[in-house]
Amino acid sequence: MQYFNIFLEAFCLVIVLLLILFQLAIKNGKKQMNHLFLVMLILHALTLTFDIIFRSYEGHKSQYLYYLSWILNYLVENFGILLTYFFIKYLVSNLNISKNRERTINNIALMIVIVTNIFLISSVFNNSIFYITNDNIFKVGSLHGIVYILGGSLFFMAFALIIHYKENLKRSELITLLTYVLIPGFALIINSIFPKIMLTIAAITISLLIIFINIQIQQEKRYKQLELELLESRISIMLSQIQPHFLYNSLSAIDDLCHDNSKAHEAIITFSEYLRINLDSLTEKRLIPFIKELEHTKQYLWLEKLRFENKLNIVFTIEVYDFKLPALTLQPLVENAVKYGIAKKISNGTININTREDDSFYYIEVVDNGIGYDVEQICLDGKRHIGINNVRERLTIMCNGKLDIKSTIGVGTNVTIIIPKMEE
């Protein structure tokens, strides 16, 4: 049994040392809880180490080893009770209770630790809790059950706190914390009947491993939540840039029509209706149906058609409607085609807006026969190009899409949005 216990403890020690290394390497947002759990791991590692050292020479008669045995076994008993004390501190940090109540609970637990230590120290003089024989063999004293009672009281205290404040815990946290109380508590009962089997050590190791796994799961969830919040923040910033840009250009188009009161009146009514119906789409941070974005674009083109009349021709070839994309994706591209392609052309111009699909992607094309430009020179001109940059970045972060631009001076520009079907 001695060799089995040494093997079991050595195996548990390897697991705990690995957990300590992982815990040191991981940056957890809740620093206090992170430190408390690390203390728990270190205490358990020391308990295992000291017990393995003692068991490796137990039964070998030596005066020096005799004194070492007293020290090691005192530390093992003491660290065992301290581990439960720090678990209660870790538990209380999870419960989000008032500082006064937290202090009271910690003080009660600390008093139990102090009382346990008094009994352990007194055992050196009266052998009441444990003693070491001349052959360096560990023996339990007549009052050793007090240690189990005091340790059990800490476990019961932890269990009562978990049950009382269960509403303050997530379901996964509740199950994890109960596991730490119930598994070692059950093992402690068995150990009080069969003290030669080190079940409590193994049970505590398993419980610490479960807590560690839960910490990593919760941390991963927090990281994902932070990534989502960061994503939405970036989208909000981009939308805050592009919306005034769009509104300014639309109002400028209306201003050009003010010499014709009837057309200006109709344009203002249409634009007002557009804003009323589609304001939610202008601030949409998630993907929207393509048909909704197409309506945005048609409203914009209607306003520009009033301005340019026959100089601006629009051709729609829509083969697929049923997909989603970021809001304000198509309209800025069409606006660029009007503003930088057709408007600067002497003769009439045409913008073709097409959609198609294959097995893997949806494609949206905005093709104009305007004046064209040098794509590489535009990228290096130092200007911000809010519309294009916003479209490209939102396509990337929201649906893993791409924006491809091809342009030839004097011929025109072809802009293609590519949206993966699986991502969409």
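Model, not experiment: these values are computed from the prediction. (Residues numbered from 1 in each chain as written. Predicted model: local features only at pLDDT ≥ 70, side-chain atom pairs only at ≥ 80, totals over all residues. Heavy atoms only, no water.)

(A) Structural view of helix H4 (residues 99-126). For H4, built from 28 residues, the straight-helix expectation of 40 Å at 1.5 Å per residue is met to within 8% by its first-to-last C-alpha distance of 40 Å. Among the residues of H4, those classed as buried are Glu102, Ile105, Asn106, Ala109, Ile112, Val113, Thr116, Asn117, Leu120 and Ser123. Remark: Asn127 follows H4 within two positions and exhibits a positive phi of approximately 55 degrees. (Helix = DSSP H or I, 4+ residues; strand = E, 2+ residues; numbered from the N terminus. Expected span 1.5 Å × (residues − 1). Buried < 20%, exposed > 50% of the residue type's maximum accessible area, 1.4 Å probe, protein only.)

(B) Representation of the pairing of strand E8 (residues 402-408). Burial of the side chains of E8 is restricted to one face: Leu403, Ile405 and Ser407 are buried, whereas none of Lys402, Asp404, Lys406 and Thr408 on the reverse face is. Where E8 lies against strand E9 (residues 412-420), seven bridges are found, and the strand directions are antiparallel. What sits directly across from Ser407, in E9, is Thr413. Between the antiparallel neighbours E8 and E9 lie three residues, among them Gly410 with a positive phi of about 85 degrees. (Pairing = 2+ DSSP bridges.)

(C) Quick peek at the packing of helix H9 (residues 290-308) against helix H10 (residues 330-342). The N-to-C vectors of H9 and H10 enclose an angle of 25 degrees; their axes lie 8 Å apart at closest approach. Classed by the angle they form, the pair H9 and H10 counts as roughly parallel. Viewed along their axes, H9 and H10 form a crossing whose handedness is right-handed. Contacts from Phe290, Glu293, Leu294, Thr297, Tyr300, Leu301, Glu304 and Phe308 of H9 reach H10 at Leu330, Gln331, Pro332, Val334, Glu335 and Val338. Each residue belonging to the contact of H9 with H10 can be placed in one class, and the counts come to nine nonpolar, two polar and three charged. (Axes fitted to C-alpha atoms, helices over the stretch in contact; angles between N-to-C directions. Parallel < 35°, antiparallel > 145°, perpendicular 65-115°, else oblique. Left-handed = near helix turned anticlockwise from the far one by under 90°. Contact = heavy atoms within 4.5 Å. Nonpolar A, V, L, I, M, F, W, Y, C, P; charged D, E, K, R; others polar.)

(D) Geometry of the nonpolar core. Membership of the largest hydrophobic core comes to 69 residues, with the highest contact counts inside it found for Phe37, Met40, Ile88, Tyr90, Leu161 and Tyr180. At the level of elements, helix H1 (2-25), helix H2 (31-57), helix H3 (63-95), H4, strand E1 (130-132), helix H5 (145-164), helix H6 (171-193) and helix H7 (199-255) are the ones that each hand at least two residues to this core. Contact partners of Met40, with chain neighbours within four places excluded, come to Leu83, Phe86, Phe87, Tyr90, Tyr180 and Leu208. If you look at the next biggest cluster of nonpolar residues, it comprises 30 residues, including Leu312, Leu333, Ile364 and Cys399. (Core = buried A, V, L, I, M, F, W, Y, C linked by side-chain atoms within 4.5 Å.)

(E) Representation of the sheet that holds E8 within the structure. Read from one edge of the open sheet, five strands run E4-E6-E7-E9-E8, paired in mixed fashion. The open sheet has two edge strands with one neighbour each: strand E4 (312-318) and E8. Neighbour-to-neighbour, the strand axes of the sheet open up by a mean angle of 10 degrees, direction not taken into account. As paired elements, strand E6 (residues 349-357) and strand E7 (residues 361-368) share seven bridges and run antiparallel to each other. Looking at E7, one finds that Asn354 is bridged to Glu365.

(F) Main features of the packing of aromatic side chains. The tally for this structure, following the rule as stated, stands at 14 aromatic pairs. Summarising the aromatic geometry, the rings of Phe323 and Tyr362 are spaced 4.7 Å apart at their centres and angled 15 degrees between planes, so their arrangement reads as stacked. With Phe323 in the loop between E4 and strand E5 (324-326) and Tyr362 in strand E7, the pair connects residues that are 39 residues apart, well separated along the chain. Its relative accessible area of 2% is what places Phe323 among the buried residues. A relative accessible area of 10% means that Tyr362 is categorised as buried. Taken together, the aromatic side chains of Phe290, Tyr321, Phe323 and Tyr362 make up a single cluster linked through ring pairs. Stacked on the ring of Tyr363, the Lys or Arg Arg356 has its end atom at 4.2 Å from the ring centre. (Phe/Tyr/Trp six-rings, centres within 6.5 Å; stacked < 30°, edge-to-face > 60°. Lys NZ or Arg CZ within 6 Å of the ring centre and 35° of its normal.)

From the geometry alone we can't say anything about function, so treat these as descriptive.
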